[in-house]
Amino acid sequence: MFSVQIIKLIEANAESLAHQVVADLLTNEHTPSYRRIPKDEITQRNFAFYRNLGNWIGDPKDDAVRAEYEKWGEIRCRQGIPVSEIAYSLILRKKHLRRCIREYVFAGPSGEQSASGEPLPLVLYNVQELNYLIGDFFDRALYYILRGYDKQAKARPQ
């Protein structure tokens, strides 16, 4: 139940999170090629991710993740984005997501924390479970985005 609250909070703050990730992508030394992509495209992509987070991590079927991320791997290949930068863009997205979760838990909704201000064990367990689901999602997303990239790279005439 607590994980659902966090996911709803993230989805409600999708726009803010998307702008944070975009600012990071466009200034980070590890993602210089993203500066060639229109800012609106990157923002929309990140907004859609955060807005649909519950669907991405809550669906045990891989079909939606596979289809979406293979498509983006193909797009990034056509745009000439190196695979190392694609991987780093996912790392940045996950970093911002986990920061949001951490801030929410430690600011905490009323009644969710002990008198000392530390999260209760059940809250920590739920956050740990959510982080596991997020880690699993990003592992699958990375695999499929690179698979789409490879498909596109092989399809290009040499």
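Residues numbered from 1 in each chain as written. Predicted model: local features only at pLDDT ≥ 70, side-chain atom pairs only at ≥ 80, totals over all residues. Heavy atoms only, no water.

Draft legend 1. Structural view of the pattern of salt bridges. In the structure shown here, the tally under the stated rule is 8 salt bridges. Note that Glu 70 and Lys 151 form a salt bridge whose closest N and O atoms lie 2.9 Å from each other. Of the two residues, Glu 70 is situated in helix α5 (residues 63–78) and Lys 151 in helix α7 (residues 121–155); the sequence distance between them amounts to 81 residues. Under the relative-accessibility criterion, Glu 70 is labelled buried at 5%. (Salt bridge = Lys/Arg side-chain N within 4 Å of Asp/Glu carboxyl O. Helix = DSSP H or I, 4+ residues; strand = E, 2+ residues; numbered from the N terminus. Buried < 20%, exposed > 50% of the residue type's maximum accessible area, 1.4 Å probe, protein only.)

Draft legend 2. Representation of the packing of helix α3 (residues 39–51) against α5 within the structure. Running from N to C, α3 and α5 point in directions that differ by 165 degrees, and their axes come no closer than 14 Å. It follows that α3 is roughly antiparallel to α5 by the angle criterion. Relative to α5, α3 is oriented so that their crossing is left-handed. Contacts between α3 and α5 pair Glu 41, Arg 45 and Phe 49 from the former with Glu 68, Tyr 69, Trp 72, Ile 75 and Arg 76 from the latter. Each residue belonging to the contact of α3 with α5 can be placed in one class, and the counts come to 4 nonpolar, no polar and 4 charged. (Axes fitted to C-alpha atoms, helices over the stretch in contact; angles between N-to-C directions. Parallel < 35°, antiparallel > 145°, perpendicular 65-115°, else oblique. Left-handed = near helix turned anticlockwise from the far one by under 90°. Contact = heavy atoms within 4.5 Å. Nonpolar A, V, L, I, M, F, W, Y, C, P; charged D, E, K, R; others polar.)

Draft legend 3. Spotlight on the nonpolar core. Core analysis: the biggest nonpolar cluster contains 40 residues, and Ile 10, Phe 49, Tyr 69, Leu 97, Ile 101 and Phe 137 have the highest contact counts within it. At the level of elements, α1 (2–12), α2 (14–27), α3, α4 (53–58), α5, α6 (83–107) and α7 are the ones that each hand at least two residues to this core. Among the elements that make up this core, the one with the highest residue count is α7 (10 residues). With sequence-adjacent residues up to four places away left out, Tyr 69 is seen in contact with Arg 45, Phe 49, Trp 56, Leu 90, Arg 93, Phe 137, Ala 141, Tyr 144 and Ile 145. (Core = buried A, V, L, I, M, F, W, Y, C linked by side-chain atoms within 4.5 Å.)

Draft legend 4. Here's a closer look at the packing of α2 against α3. With their axes 8 Å apart at the nearest point, α2 and α3 run at an angle of 135 degrees to one another. It follows that α2 is oblique to α3 by the angle criterion. Considering how the two elements wind past one another, α2 and α3 form a crossing that is right-handed. Between α2 and α3, the contacting residues are Ala 14, Glu 15, Leu 17, Ala 18, His 19, Val 21, Val 22, Leu 25 and Leu 26 on the first element and Lys 39, Ile 42, Thr 43, Asn 46, Phe 47, Tyr 50 and Arg 51 on the second.

Draft legend 5. Main features of the packing of aromatic side chains. One pass over the structure, following the stated rule, counts 6 aromatic pairs. Each ring, one from Phe 49 and one from Phe 137, has its centre 5.6 Å from the other, and the planes form 25 degrees; the classification is stacked. On the criterion of sequence distance, the pair formed by Phe 49 in helix α3 and Phe 137 in helix α7 is long-range, its members being 88 residues apart. Comparing Phe 49 with Phe 137, the two get one shared label, buried. An aromatic cluster is defined as three or more aromatic residues linked by ring pairs; in this entry it consists of Phe 49, Tyr 50, Tyr 69, Phe 137 and Phe 138. Lying over the aromatic face of Tyr 69, Arg 45 brings its terminal NZ or CZ to 4.7 Å of the ring centre. (Phe/Tyr/Trp six-rings, centres within 6.5 Å; stacked < 30°, edge-to-face > 60°. Lys NZ or Arg CZ within 6 Å of the ring centre and 35° of its normal.)

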